[in-house]
Amino acid sequence: MQDRPATMRERPDSAAIRYHAWFPAIRATGRYPWVLQSEQCMSVVSVKQALSGTLPSGSPVSVRGWVRTRRDSKAGLSFINLSDGSCFDPIQIVATDSLANYSDEVQRLSAGCSLIATGQLVASQGKGQGLELQADTIEVVGWVEDPETYPIQPKAHSLEFLREVAHLRPRTNLFGAITRVRHTIASAIHRYFDQNGYCWVNTPIITTSDAEGAGQMFRVSTLDLMNLPRTDKGSIDTRKDFFGKDAFLTVSGQLNVEGYCLALSKVYTFGPTFRAENSNTARHLAEFWMIEPEIAFADLDENARVTEDLLKFVFKTVLDERADDMAFFAERVEKTAITRLEGFIAAPFERIDYTDAVAILKKSGKKFEFPVEWGIDLQTEHERYLVEEHVGRPVVVVNYPEKIKAFYMRLNDDGRTVAAMDVLAPGIGEIIGGAQREERLDILDRRMLQFGLDPAHYNWYRDFRRYGTVPHAGFGLGFERLVVYVCGLANIRDAIPYPRVPGHAEF
RNA sequence: GCCCGAAUAGCUCAGCUGGUUAGAGCACUUGACUGUUAAUCAGGGGGUCGCUGGUUCGAGUCCAGCUUCGGGCGCCA
């Protein structure tokens, strides 16, 4: 912005007028007049474009990014590996001592410095790469203040250390790859739903209903903690709070999205979710992203089919579009990263009735810490046995006891199970939980009371069953758990840019 | 919330049953050398051994408490 032409500064009028004033120049050059000087005189390309092989040899280009390594030759030659995050590989820049700033700048470059290199894209004389940039100019944009203490060195770091520098870890190979794959997964999810006629519905982040009673919630309040308004009885008067009542961060958009399902038929949410539970594991976050499709006129079977279809589409997309990053995961993070996804795509999901699963576990002869009995919720050890030892591929467990599942799940004809399902995957456990919803008002009310919930608090939700109710089903997919699974990670804190867990909300 | 483990240089680690001045690699720095590939070779600087207390002639090492991090479990996505 600092190189904006003088006439722009002289015209303090609206953005629209400014844009129109510059429109002919933008048309002619294809560029905006206020970008950096180097971008105007040369064709700026991403490292991905530069390495793609689509630009003719000798093409004059500029690349912009951050230094990974520098190797010098006293013969008057330096090799700089530059990354801009557009792909896994950095580009090699060859700088010679003919550059005006060679000895006082180029030879002082260290990991993390940012620069703009301009020159010709040529076939490399070295072995490690096909193409490289023969630099005519190297413009250092930002130095690294103290190279000795710059945390991101060209070496292996522990994941624990990188979590302490979560704001700088995207500069590593690993977190660059995770970030690109995370994006591709998100994109593939949106593409899947879009191609299949679903509408993305943005349910509220702030909620005043204690959705499904599922877990502890974060309170949202503007009250002064040092001076809380009190009722006559001495309790805190939340009528004086911002929303005039208790408010919280959402733990699920499901109840809200159901309303849109019963009008637009196929909908889904994809947004942040918050759980104030004191969960200290490698699989839980206090703030995470969740995908919740809801399908009108669908039963549990259809619901399970969609989970399988969606996951396979996502994995296939990642393998197709992020082969470079996946190869890195397979090489450095988890050997089976690619073959595991390929196996997942190739094999049909196994369906097991909860009652049968209990029988299998009882017959297994395995000694479990938690004894297996019909009516218990399956523990991690039980799920692991089913998925990893008994079946060896993803399993959908269906029809759980009604007492251990949420009130909105549809009561089966046997009167003792509900049409709930969990999708369990090898190496990660429960990745999806879903259900067919209870569409019958009388049974819904009965189940609410059974769970100690006051139907009067859910009148808006009960309206769905009073006005044109239909059978419908949906599920919740934890986005970060999906990222963990795809990348072969061990800890969910590495699957989200800035993890929030009990005791931690740095950055 | 419960159980277990760990904490030594900017980073990754070694340091035996307690015993002089705490080591290596990477990074940084100086030099040599080379179309190099996390280059290589030689030299140099860099440490309150997480904190507090205890045992001992003597503690990085043993003990206790605390802090932080990690692993497992519960709750779940």
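Everything discussed here concerns the structure shown above.
Counting starts from 1 at the beginning of each chain's written sequence and moves along it residue by residue. Chains carry letters from A onward and ligands carry numbers from 1 onward, assigned in written order. Residue-level local features of this predicted model are given only where pLDDT is at least 70; pairs of side-chain atoms are given and counted only at 80 or more, and the full residue set underlies all totals for whole chains, interfaces and linings. The side-chain numbers reported here are obtained from all heavy atoms of the structure, hydrogens and water having been left aside.

Description of the protein's contact with RNA strand B
Phase 1: The cutoff for a nearby residue is simple: one of its non-hydrogen atoms must lie within 4 Å of the molecule or strand. Residues in contact with RNA strand B amount to 51 residues; listed here are only the nearest, Ser73, Pro154, Lys155, His284 and Arg481.
Phase 2: When the atoms of RNA strand B within 4 Å of the protein are grouped by moiety, sugar and phosphate amount to 45% of the total.
Phase 3: Residue Glu148 places a side-chain N or O atom 2.6 Å away from a base nitrogen belonging to RNA strand B.
Phase 4: For the purposes of this entry, the term helix denotes a DSSP run of H or I that reaches at least four residues, the term strand denotes a run of E that reaches at least two, and both are numbered from the N terminus. Counting residues per element, the ones that place at least two in the surface near RNA strand B are β2 (59–73), β3 (77–83), β4 (91–96), β6 (131–142), α5 (159–164), β11 (287–296), β15 (429–436) and β16 (472–478).
Phase 5: When residues in the surface near RNA strand B are grouped by element, the largest group, 4 residues, is from β2.
Phase 6: Any residue that is not Ala, Val, Leu, Ile, Met, Phe, Trp, Tyr, Cys, Pro, Asp, Glu, Lys or Arg is counted as polar, Gly included; the first ten are nonpolar and the last four charged. Among the residues making up the surface near RNA strand B, the classes are represented as 13 nonpolar, 24 polar and 14 charged. Distance and chemistry together define a polar contact, namely a pair of N or O atoms within 3.5 Å, with one atom able to donate a hydrogen and the other to accept it when in protein, and with adjacent residues in sequence counting only for side-chain atoms on both sides.

Focus on the pairing of strand β10 (residues 266–274)
Phase 1: Of all the 9 residues making up β10, 7 are buried; the element is thus mostly covered by neighbouring parts of the structure.
Phase 2: A strand pair is defined by DSSP finding two or more bridges across the two strands. Taken together, the 2 bridges between strand β7 (residues 199–200) and β10 define a ladder with parallel strand orientation. Bridge pairing in β10 links Trp200 to Tyr268.
Phase 3: Two elements, β10 and β11, share 9 bridges in a ladder whose sense is antiparallel. Three exposure classes are used, based on accessible area relative to the maximum for each residue type with a 1.4 Å probe and protein chains only: buried under 20%, partly exposed in between, and exposed over 50%.

Here's the deal with the pattern of salt bridges
Phase 1: Any carboxyl oxygen of Asp or Glu within 4 Å of a side-chain nitrogen of Lys or Arg constitutes a salt bridge here. Per the stated rule, a full pass over the model turns up 31 salt bridges.
Phase 2: Glu258 is paired through a salt bridge with Arg465; the nearest N and O atoms lie 3.0 Å apart. Of this pair, Glu258 sits in helix α7 (residues 254–264) while Arg465 sits in helix α14 (residues 459–466), and the two are 207 residues apart along the sequence.
Phase 3: Notably, a salt bridge pairs Arg462 with Asp445, separated by 2.7 Å at the nearest N-O pair. Of this pair, Arg462 sits in helix α14 while Asp445 sits in helix α13 (residues 441–450), and the two are 17 residues apart along the sequence.
Phase 4: Each of Arg180, Arg322, Asp324 and Asp325 takes part in a single network of salt bridges with overlapping partners.

Brief notes about helix α15 (residues 479–487)
Phase 1: In terms of burial, α15 is a largely internal element, 8 of the 9 residues being buried.
Phase 2: When α15 is considered as a whole, its buried residues turn out to be Phe479, Glu480, Leu482, Val483, Val484, Tyr485, Val486 and Cys487.
Phase 3: One or two residues past the end of α15 sits Gly488, with phi positive at roughly 75°.

Some remarks on the side chain of Thr269
Phase 1: Looking at the secondary structure, you find Thr269 in strand β10.
Phase 2: Relative accessible area serves as the criterion here: at 3%, Thr269 is assigned to the buried category.

Description of the nonpolar core
Phase 1: We define a nonpolar core as any set of buried Ala, Val, Leu, Ile, Met, Phe, Trp, Tyr and Cys residues linked to one another through side-chain atoms lying within 4.5 Å. Ranked by internal contacts, the top residues of the largest apolar core, which has 93 residues, are Ile93, Ile138, Ile185, Ile189 and Phe329.
Phase 2: Ranked by residue count, the leading element in this core is helix α6 (residues 173–195), at 11 residues.
Phase 3: Leaving out residues up to four positions away in the same chain, Phe329 has contacts with Leu174, Ala177, Ile178, Val181, Glu334, Ala337 and Cys487.
Phase 4: If you look at the next biggest cluster of nonpolar residues, it comprises 32 residues, including Ala357, Leu386, Leu411 and Tyr458. Any two residues whose heavy atoms approach within 4.5 Å are treated as being in contact.

Comments concerning the pairing of β15
Phase 1: Within β15, 6 of the 8 residues are buried, leaving the element largely enclosed by the surrounding structure.
Phase 2: What sits between strand β14 (residues 417–425) and β15 in their antiparallel hairpin is a turn of 3 residues, with Gly427 showing a positive phi close to 85°.
Phase 3: As paired strands, β15 and β16 are joined by 5 bridges and run antiparallel to one another. Considered in β16, the bridge of Gly433 is made with Gly476.

With respect to the sheet that holds strand β13 (residues 395–401)
Within a sheet, adjacent strands bond to each other through the backbone by hydrogen bonds, running parallel or antiparallel.
Phase 1: The sheet built from 8 strands is open, its strands ordered β7-β10-β11-β16-β15-β14-β13-β12 with mixed pairing. Whereas interior strands pair on both sides, the edge strands pair on one side only; in this sheet they are β7 and β12 (350–353).
Phase 2: Note that β12 and β13 share 4 bridges and pair parallel. Bridge assignment links Arg351 to a residue of β13, and that residue is Val396.
Phase 3: Interaxial angle, 0 to 180 degrees, is taken between N-to-C directions of lines fitted to C-alpha atoms, where a helix line uses only the stretch in contact. Strands in contact with α7 are β10, β11 and β16; relative to β11, the strand with the most contacts, it is inclined by about 30°.
Phase 4: Contacts between helix α12 (residues 380–391) and the sheet are confined to β12, β13, β14 and β15, with β13 contributing the most and set at about 140° to the helix.

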